[in-house]
Amino acid sequence: MTQEEIEITIREAIPDDAAQVARVLQQVGGETPYLVMDGKGAAFDVEEMAHNFADLYASENNVLMVAIIDEQIVGTASVSASAKKRMEHLGEVGISILKEYWGFGLGYAMMMALVDWASESGVIRRLELTVQERNTRAIKLYEKVGFQTEAIMHRGAKTDENEFLDVRLMSLMID
């Protein structure tokens, strides 16, 4: 068995990334049952997305990062925060990686890039996310980065078959 080294670039998204990001999010939605969106429900207006990326790039408390392998975007990681002064320090984390790239440490690298960005932002003081209890790989990743469980939300999500799922609220304080 050979071990192949792959070069990964993680950087902030720019407007030119919009079409690729839309494709990745659509594909990820169909590949995993762990996200709120599915492959069918994700309709993206690439022009609008490009405009939003420009706004994100200028924001002090919002970011969208992309992971690039061989000039192709293979994952996204984001922090979304409010423009309201009393809530601007709370960043909600989202991460999506194409299934083909699971298990390579990409999730960890992207999460650490978000934590570093949040620390340098000067605004974000708390990162939070929700994760389905059955997504044990993601929970282990978030714990490795330093997130702690604050609550279990019973019936926090449901499957396409209407089965209720427990969801974990996790957070990381940025000091």
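Every residue gets a number counted from 1 within its own chain, in the order that chain's sequence is written. Where totals are concerned, whole chains, interfaces and linings use all residues; where local detail is concerned, this predicted model gives features only for residues with pLDDT of at least 70, and gives and counts side-chain atom pairs only at 80 or more. Values shown for side chains rest on all heavy atoms present in the structure; no hydrogens or waters enter the calculation.

A look at the packing of aromatic side chains
Part 1 of the argument: Classification of ring pairs rests on two measures: the distance between centres of Phe, Tyr or Trp rings, Trp counted by its six-membered ring, which must be within 6.5 Å, and the angle between planes, read as stacked under 30 degrees, edge-to-face over 60 and tilted in between. In total, this model carries one aromatic pair according to the counting rule given.
Part 2 of the argument: A ring pair is formed by Tyr 142 and Phe 147, whose centres lie 6.1 Å apart and whose planes are at 55 degrees; its orientation type is tilted.
Part 3 of the argument: Look at Phe 147 and you get buried, because its relative accessible area is 3%.
Part 4 of the argument: Against the face of Tyr 108 rests Lys 144, its NZ or CZ located 4.5 Å from the ring centre.
Part 5 of the argument: Above the face of the Phe 164 ring, Arg 155 is positioned so that its terminal group lies 4.8 Å from the ring centre. Type-normalised accessible area, obtained with a 1.4 Å probe on protein chains alone, sets the label of each residue: buried when under 20%, exposed when over 50%, and partly exposed for intermediate values. By the criterion adopted, a ring carries a charge over it if an Arg CZ or a Lys NZ lies within 6 Å of its centre and within 35 degrees of its normal.

Things to note about the packing of helix H1 (residues 18-31) against helix H2 (residues 46-58)
Two measures define how a pair of helices packs: the angle their axes make with one another and the distance between the axes.
Part 1 of the argument: At a minimum axis distance of 8 Å, the contact between H1 and H2 shows a crossing angle of 110 degrees. It follows that H1 is roughly perpendicular to H2 by the angle criterion. Crossing angle aside, the handedness with which H1 passes H2 is right-handed. Contacts between H1 and H2 pair Ala 18, Ala 19, Val 21 and Ala 22 from the former with Val 46, Met 49, Ala 50 and Phe 53 from the latter.
Part 2 of the argument: Residue classes in the contact of H1 with H2 are distributed as eight nonpolar, no polar and no charged. Axis lines are fitted through C-alpha atoms, for helices just across the contact stretch, and the angle between N-to-C directions can take any value from 0 to 180 degrees. Helix and strand assignments follow DSSP, with helices taken as H or I runs no shorter than four residues and strands as E runs no shorter than two, numbered in order from the N terminus. Should an angle lie under 35 degrees it is considered roughly parallel, over 145 roughly antiparallel, and from 65 to 115 roughly perpendicular; all remaining angles are considered oblique. For any helix crossing, the convention is left-handed if the near helix is rotated counterclockwise from the far helix by under a right angle, and right-handed if that rotation is clockwise. Only heavy atoms matter for contacts: two residues are in contact if any of them lie within 4.5 Å across the pair. Charged means Asp, Glu, Lys or Arg here, nonpolar means Ala, Val, Leu, Ile, Met, Phe, Trp, Tyr, Cys or Pro, and polar covers whatever is left, Gly included.

Considerations on H1
Part 1 of the argument: Under the 1.5 Å per step criterion, the end-to-end length of H1 is 20 Å for 14 residues, consistent within 8% with the ideal 20 Å.
Part 2 of the argument: Listed as buried for H1 are Ala 18, Val 21, Ala 22, Val 24, Leu 25, Val 28 and Gly 29. Buried residues in H1, looked at end-on, bunch into an arc of 165 degrees, giving them a common side.
Part 3 of the argument: Packing partners of the buried residues in H1 comprise H2, strand S2 (63-69), strand S3 (72-80) and strand S4 (90-97). Multiply 1.5 Å by the residue count of a helix minus one, and that product is the helix's expected span. What the arc describes is the spread of directions from the helix axis to the C-beta atoms.

Considering the side chain of Asp 17
Part 1 of the argument: Tracing the chain through its elements places Asp 17 in the loop between strand S1 (9-12) and H1.
Part 2 of the argument: The contact partners of Asp 17, leaving out residues within four places of it in the chain, are Arg 11, Glu 12, Phe 53, Val 66 and Ile 73.

Considerations on unusual backbone geometry
Part 1 of the argument: Positive phi values are uncommon outside glycine, yet Arg 155 reaches one of about 55 degrees.
Part 2 of the argument: When you line up the elements, Arg 155 lands in strand S6 (residues 148-158).
Part 3 of the argument: Look at Asn 162: it is not a glycine, yet its phi comes out positive at around 70 degrees.
Part 4 of the argument: Positionally, Asn 162 belongs in the loop between S6 and strand S7 (164-173).

Here we look at the sheet that holds S2
Part 1 of the argument: Judged by pairing direction, the sheet is mixed, and its seven strands sit side by side in the order S1-S2-S3-S4-S5-S7-S6 without closing on themselves. Of all strands in the sheet, those with a lone pairing partner are S1 and S6, marking the two edges. For this sheet the average axis-to-axis angle between neighbouring strands, irrespective of direction, equals 25 degrees.
Part 2 of the argument: Any two strands with at least two DSSP-identified bridges between them are counted as paired. In this sheet, S7 lies alongside S6 in antiparallel orientation, the contact comprising seven bridges. Bridge pairing links Met 153 to Val 167 in S7.
Part 3 of the argument: Contacts between helix H4 (residues 136-145) and the sheet are confined to S4, strand S5 (126-132) and S7, with S7 contributing the most and set at about 15 degrees to the helix.

Digging into a nonpolar patch on the surface
Part 1 of the argument: Here a patch means residues that are over 30% exposed by relative accessible area and free of salt bridges, tied together within 9 Å if like-charged and within 5 Å if nonpolar (Val, Leu, Ile, Met, Phe, Trp, Tyr). Surface accessibility follows the Shrake-Rupley procedure with a 1.4 Å probe radius. Residue values consider only the protein chains on display as shielding. Note on definitions: salt bridges are taken to be side-chain nitrogens of Lys or Arg within 4 Å of carboxyl oxygens of Asp or Glu. Judged by side-chain polarity, Ile 6, Ile 8 and Phe 104 come together as a nonpolar surface patch covering roughly 250 Å² of accessible area.
Part 2 of the argument: As for its placement among the helices and strands, Ile 8 is situated in the segment before S1.

Considerations on H4
Part 1 of the argument: Those residues of H4 that sit buried are Ala 138, Ile 139, Leu 141, Tyr 142 and Val 145. The buried residues of H4 occupy one face: seen down the axis, they fall within an arc of 160 degrees. More than 90 degrees from the buried face of H4, the exposed residues found are Arg 137, Lys 140 and Lys 144.
Part 2 of the argument: Packed against the buried residues of H4 are S4, helix H3 (106-121), S5 and S7.
Part 3 of the argument: Just beyond H4, the residue with positive phi is Gly 146, at close to 120 degrees.

Shape is all these values report; function is a separate question.
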